[in-house]
Amino acid sequence: MRLAVRAAVAVALVIVIAAAVPYGVLRASLPRLDGELRATGLKGVVRITRDARGVPTIEAANRLDLAYGTGFAHGQDRFFQMDLSRRLAAGELAELFGQVALGEDKKTRLFRLRSVARQVLAQASDRQRAVLEAYTRGVNAGLASLSSRPWEYWVLGAAPQAWRPEDTMLVVYAMWWDLQAGEWADERLRLAVNARLGGADCGAWKCAMQFLYPARTEWDAPDGAEAPFVPAELPPPEALDIRAARPAAQGGALTTDAAVGRAPTAGSNNWAVFGRLTTTGAALVANDMHLSQRVPAIWYQARLRTAAAAGTPELDLAGVTLPGAPLVVAGSNTHIAWGFTNSAGNWVSVSNVPCTAVGEADLTTAAGTQALTVVRETIHVKGAADAVLAVRSGPAGVLWQAEPERHSCWFVGWLAQLPEATNLNLMGLERADSVAAALDLAPAIGIPHENFVVGDREGHIGWSIFGRIPDATGAARALGGAPWTTAADHPRLLDPPRGRIWSANARVSVDAKELALIGGVDAPLAANYALGARARQIRGDLFTLAGNLKPGDLLAVQLDDRAQFLGRWRELLLHLIEADAAKAHPGRAEFRRLIEAWDGHAGVDSVGYRLVHDFREHTRQAVWSMVLGALAVPADYDTGPPEQFESPLWQLITRQPPYLLASQYPDWQKFLEMQLDATLADLGRQCATLAQCTWGRENVVRIRHPLSRALPALARLIDMPVLELPGDHNMPRVQDGAFGASERFAVSPGHEQDGYLEIPGGQSGHPLSPYYRSGFPAWAHGEPRPFLPGPPEHTLTLQPN
C-alpha cells in the first residue's frame, strides 16, 4: 500500500511538473508593466502607464522618443501579430508555418512587396526615417524585455526575427492587401462579361453592361444635387437573351446553388456632424471600420503625448494604432478628429492578352512572341525545400493567371506596386489644427485609398480620399506614368450646407470628374462601390437626430440593425405566398406566418429576417448564375454578383421579361417558387423546425487566434467567446460571422473625455494577461468604453542609457 501511494504521488508530481513547465514558460512571456528599464537611443525619459483595461498612455519629451515608446509597447503586447502582418505582405508565412502557407505566399510574393517597401523607405524624408528607426529600436527593445519569447513561437518551434524599418511599410502593405486584393478577380469577371456581350463594337453592349453593373441605383444616398434616379433599360434580346442560350453544361456557370456567394467586402462606416448640432460646438466624428476580426484585435488603443518644448507645441494623440506602425491611424489630436472607410474605387489595371502558350520568359500570341521580364523569388518553407516562384511581367503588369488553353493570359497592375503610392505622410495629421489643413494633406498621403471624414473643434467637417490618385482615368492608370492629383483636382468636400457627411463605401461625391478619378475606367459601371442601402440608412438616422448631440447619441446609429433594405423582399414573398394557395403547402404557409411576424430587425432571435435574407440570397445567386451561364463565362471567374446587381435583379423579378429567364423555368412565377422551395430545403437541413431557424444560429461570431485551428484543445483559452450577434450587411450594424466592426468610436476634438471607443478584444496578445479579452464584452454588447485611458494602474519608465 505504501509503495502504491508513493507511486501515485510520483505520477502526480510528474503531471504537475509537466504542466508547470509550459505554464512557466508561458508566464515568462508576459510583459513587464511596472518598474524602470534602461534603454539605448533615448534622449529623454519615456513613461508608459496602463489603465484598468491595459490601455497605455505613452509620454515622451520628443517625437522620436514617443515613437520608441510606441514601438516598445507594441513589441511587448503584439509582436506575433506584427510578424504575421509583415510576413503576409512579403509572402513569407511559409517560413514560419511550412507548406500549409505556401499557396498564400505565392499570391502575395507575386507583387514583390518587400522590394517595394525598401524603395518606399529609401524615398522617405529624413524625419520619417528617423521616426521609423526609433520605432524599430523600441519594438526590438520591447521584445527583448520579455523573459521568454512570445508564446506562439514556442508552439511553432521558431525564434522571432528582429523588426526592421522596412517591416513597418510591409504592415501598411498588409492593409493594402486586406482592402484591395480581390479587385483584380472582380475586374477579370467584368472584362469577361464585357467581352461576351460584344464589347464596345456592339451597339447594345453599353445597354447590357450598364444594366448589369449600374453606376447608380435607387439606394444611392450621396449628399448633393443629382437628377432623379431612372433605372437602366432592360437589355434587348440582341444584347442578352438568356432563354435562347446554350445550357450551362456547354461552358457556362448556370446553377441554382446559392452557396457561391461573395466573400465579405472590406468596408466601414464613418460620418461627421458639424458643430451647430452638438452640445460643445465642436464637430462630432464617428467611425467603425469593418474588417475580418481576429485575435488579437487588429487595432491597439493608445494615447500618445509629448510635452510642449521651445517652438514646438504639445502633441496629444488618442485613438487606435496599428501594431507595426508608430502613429494613430484613426482618432483625435485635440484639434481634429478623423476616421476612415474603404473608398471602393478602382485601383488596379487588368488586361487579357490572348496567348496560346507561355514559356519561361515569353508568351506566344497570334501576332507572335512577346518577351517577359522574369524575377525569381525564393520562398523559404519550414520543414521543406525552398520554393522558387518565377514572377513574370510585361508592359501590362505582372502575369497573374496564365490560361493558354482559353487563349487568355491575365496581367495585373496595382497601384500598391508603385513606390510613390505609399508613404508615411499620414503623420501630417498629428499637427493638423483644422479641417482645411487636414484636407490639404490629402493628395500627398500614400495609404490604401480611403474615405477620410474629419471634423474640428471649431465645428467644421470635411471629406476627401486619402490615398494617392493618378490624374488619369484610362484602363492602364495603375501601371504608373501618370501624374498624381493635386489640391486643385483631388476629391474633397468642406462644410456641406446640411451639416452632415457620411460614407459607407458607397458613392460620396456627385461630381463627374471626381467620380472618374475614383472609379477610373469602371466609373460608368459603379467601380467597386457598396450598395448604398447602408449609407442611406445612416443618412436617415443622422437626419432623424435632433440637435445638442453628444458622442453617445451616435452609438445607436452604429448599432442600428433594422433591415430596411429587405422590406421590399418581405412584401414580394407575402405576395408570392398567397394565403389561400399556401394551405396546400404547409412549409410555405409556415414560411409566410413567420415573415408576417418579423419585426424588421436582424436580431439574434429573428426567424423572419433569416428567412427573407436566405430567400433573397438564393434568388440573387440563381439570377446571376443564369446571366453568366448565358454568356458562357467560366465558372472559376465568378466572384459573385456585384453589390449594384440588386437594382437589375429587382427589375428582372418584378418586370419578368421572358427572354431574360433560363429555359429550364416555365415562367418567373415558377422560378421564384423554386427559389422559395430551395430556401425551405436548405433551412430544413439546418434546423429541426423552421421556427428554430433564428438569425443568431446563422450569424455565429467566432473570433479566433491564427493558431486556434491547429490547437483545438486551447481554443477556449486563446479565442474570444463564441456569440450570436445581431446585424448583417446593408445596415449600419455590420456583422457577418467574424466580419464586422473592428472598432467603434465617436469623439469631438477637444472633448475627448466625453468620447467612447470599443474594440472586439483586449490590448494584450497574451492569453494569461488580464487584458487579453478586456474590451470584448463591451464591444459585443454595444456598451461604450472611454475614448481616453483611465487612471493609471501600472507605470513603466524607460530611462536613457
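Everything discussed here concerns the structure shown above.
## Thoughts on the state of the cysteines
Step number 1: Across all of its chains, the model carries two disulfides by this definition.
Step number 2: Residue C355 pairs covalently with C409 via a disulfide, S to S 2.1 Å. Taking the sign of the S-S torsion, 90° for the link of C355 and C409, the bridge is right-handed. Pair noted here: C355 is in strand β11 (residues 355-358) and C409 is in strand β17 (residues 408-414), with a separation of 54 residues, a long-range link.

## Observations concerning empty space enclosed by the protein
Remark: the empty space left among the atoms is shown by a probe the size of a water molecule rolled over them.
Step number 1: All chains considered together, the criterion is met by seven cavities of 30 Å³ or more.
Step number 2: For the lining of the largest cavity, the elements supplying multiple residues, two or more each, are α8 (165-180), β4 (267-273), β5 (284-292) and β9 (336-342).
Step number 3: With four residues, α8 is the largest single contributor of residues to the lining of the largest cavity.
Step number 4: As a volume, the second largest cavity reaches approximately 150 Å³.
Step number 5: Around the second largest cavity, the lining is made up of 17 residues, and of these Q76, D77, P150, E152 and G765 lie nearest the centre.
Step number 6: Of all the secondary structure elements, the ones that give two or more residues to the lining of the second largest cavity are α2 (63-90) and α7 (151-156).
Step number 7: Of all the elements, α2 adds the most residues to the lining of the second largest cavity, at seven residues.

## A short note on the side chain of T619
Step number 1: Relative to the helices and strands, T619 resides in helix α18 (residues 607-630).
Step number 2: Of the residues examined, T619 reaches a relative accessible area of 0% and is grouped as buried.
Step number 3: With sequence-adjacent residues up to four places away left out, T619 is seen in contact with W569, L649, I653, F671, L672 and Q675.

## Quick word on the pairing of β4
Each regular strand shows side chains that alternate between the opposite faces of the sheet.
Step number 1: With seven of seven residues buried, β4 lies mostly within the body of the structure.
Step number 2: The alternating pattern of β4 places G267, N269, W271 and V273 and S268, N270 and A272 on opposite faces, both of which are buried.
Step number 3: In this sheet, β5 lies alongside β4 in antiparallel orientation, the contact comprising seven bridges. Counted as the bridge partner of N269 is D288 from β5.

## Looking at the nonpolar core
Step number 1: Ranked by internal contacts, the top residues of the largest apolar core, which has 233 residues, are W184, V193, W299, F340 and F591.
Step number 2: The element contributing the most residues to this core is α2, with 13 residues.
Step number 3: Residues V353, C355, L372 and L399 belong to the second largest nonpolar core, which totals eight residues.

## A look at the environment of Y300
Step number 1: Inspection of the secondary structure puts Y300 in strand β6 (residues 300-306).
Step number 2: Take Y300: its relative accessible area is 0%, and that puts it in the buried class.
Step number 3: Between the alpha carbons of Y300 and R592 there is a distance of 46 Å; along the sequence they are 292 residues apart.
Step number 4: Every residue in contact with Y300, bar those within four places of it in the chain, is listed here: R50, P56, A73, H74, D77, R78, G319, V320, T321, P323 and Q763.

## Quick notes on the sheet that holds β11
Step number 1: Ordered in space as β11-β12-β13, the three strands form an open sheet in which the pairing is antiparallel. Two strands lie at the open edges of the sheet, namely β11 and β13 (368-371), each paired on one side alone. Averaged over all adjacent pairs, the angle separating strand axes in this sheet is 25°, with direction ignored.
Step number 2: Relative to β13, strand β12 (residues 362-365) runs antiparallel, the two being bridged by four bridges. Opposite T364, over in β13, you have T369 as the bridge partner.

## Focus on the pattern of salt bridges
Step number 1: Under the defined criterion, the tally for this structure stands at 45 salt bridges.
Step number 2: As a salt-bridge pair, R188 and E403 come within 3.5 Å of each other at their nearest N and O atoms. With R188 in helix α9 (residues 183-196) and E403 in strand β16 (residues 397-403), the pair connects residues that are 215 residues apart, well separated along the chain. The pair R188 / E403 is uniform in exposure class, with both members buried.
Step number 3: Among the ionic pairs, D719 bridges to R704, the shortest N-O distance being 3.7 Å. Placement of D719 in the loop between α22 (715-718) and β23 (723-724) and of R704 in the loop between β22 (700-701) and α22 is noted, with a sequence separation of 15 residues between them.

## Description of the packing of aromatic side chains
Step number 1: Under the counting rule described, the total for this entry stands at 26 aromatic pairs.
Step number 2: Measuring from ring centre to ring centre gives 5.9 Å for F340 and F466, while their planes differ by 50°; the resulting arrangement is tilted. Taken together, the positions of F340 in strand β9 and F466 in strand β19 (residues 461-466) put the pair 126 residues apart, joining distant regions of the chain.
Step number 3: Note on F466: relative accessible area 0%, which makes it buried.
Step number 4: Of the aromatic side chains, those joined through ring pairs into one cluster are F111, W176, W177, W184 and W414.
Step number 5: Stacked on the ring of W154, the Lys or Arg R149 has its end atom at 3.8 Å from the ring centre.

## With respect to the packing of α2 against helix α6 (residues 126-144)
Step number 1: Running from N to C, α2 and α6 cross one another at 50°; their axes reach a closest spacing of 6 Å. Accordingly, the angle class assigned to the pair α2 and α6 is oblique. α6 is crossed by α2, and the crossing has right-handed handedness. Counting all contacts with α2, which are made through R63, L64, A67, Y68, T70, G71, F72, H74, G75, Q76, F79 and M82, the residues of α6 involved are R127, A130, V131, A134, Y135, R137, G138, V139, A141, G142 and L143.
Step number 2: Looking at side-chain class alone, the contact of α2 with α6 contains 13 nonpolar, seven polar and three charged residues.

## Quick look at the sheet that holds strand β8 (residues 328-332)
Step number 1: If you walk across this open sheet you meet the 11 strands as β1-β27-β2-β3-β6-β7-β8-β9-β18-β19-β20, and the pairing is mixed. The sheet is open, and its two borders are formed by β1 (35-39) and β20 (492-494), each paired with just one other strand. Ignoring strand direction, the axes of neighbouring strands in this sheet form an average angle of 25°.
Step number 2: Relative to strand β27 (residues 794-800), strand β2 (residues 46-50) runs antiparallel, the two sharing five bridges. Bridged to R47 within β27 is T797.

## So, the environment of W219
Step number 1: Relative to the helices and strands, W219 resides in the loop between α10 (205-212) and β4.
Step number 2: Taking the C-alpha atoms as reference points, W219 and R534, separated by 315 residues in sequence, lie 8.6 Å from one another.
Step number 3: Each residue touching W219, except ones within four places of it in the same chain, is listed here: L531, G532, A533, R536, Q564, F565, R568 and E646.

## Thoughts on unusual backbone geometry
Step number 1: Note the cis peptide between V295 and P296, where omega equals -5°.
Step number 2: Position of P296 relative to the elements: it lies in the loop between β5 and β6.
Step number 3: With phi around 80°, T334 is a residue other than glycine that occupies positive phi space.
Step number 4: Residue placement: T334 occurs in the loop between β8 and β9.
Step number 5: Within the chain, Q656 stands out as a residue other than glycine whose phi angle is a positive 55°.
Step number 6: Tracing the chain through its elements places Q656 in the loop between α19 (646-655) and α20 (668-686).
Step number 7: The class of Q656 is partly exposed, set by a relative accessible area of 30%.

## Concerning the side chain of Q558
Step number 1: Summarising the element assignment, Q558 is placed in helix α14 (residues 551-558).
Step number 2: Since its relative accessible area comes to 1%, Q558 is described here as buried.
Step number 3: Residues contacting Q558, with those up to four places away along its chain left out, are W271, A286, N287, D288, P732, R733, R744, F745 and Y756.

Reading the values: rules and limits
Residues numbered from 1 in each chain as written. Predicted model: local features only at pLDDT ≥ 70, side-chain atom pairs only at ≥ 80, totals over all residues. Heavy atoms only, no water. Disulfide = S-S within 2.5 Å. Helix = DSSP H or I, 4+ residues; strand = E, 2+ residues; numbered from the N terminus. 1 Å grid on protein atoms, 1.4 Å probe; cavity = no way out; pocket = protein on both sides within 12 Å on 5 of 7 lines; lining within 4 Å. Points joined across faces, edges and corners; volume = space filled by probe spheres on them. Buried < 20%, exposed > 50% of the residue type's maximum accessible area, 1.4 Å probe, protein only. Contact = heavy atoms within 4.5 Å. Pairing = 2+ DSSP bridges. Core = buried A, V, L, I, M, F, W, Y, C linked by side-chain atoms within 4.5 Å. Axes fitted to C-alpha atoms, helices over the stretch in contact; angles between N-to-C directions. Salt bridge = Lys/Arg side-chain N within 4 Å of Asp/Glu carboxyl O. Phe/Tyr/Trp six-rings, centres within 6.5 Å; stacked < 30°, edge-to-face > 60°. Lys NZ or Arg CZ within 6 Å of the ring centre and 35° of its normal. Parallel < 35°, antiparallel > 145°, perpendicular 65-115°, else oblique. Left-handed = near helix turned anticlockwise from the far one by under 90°. Nonpolar A, V, L, I, M, F, W, Y, C, P; charged D, E, K, R; others polar.

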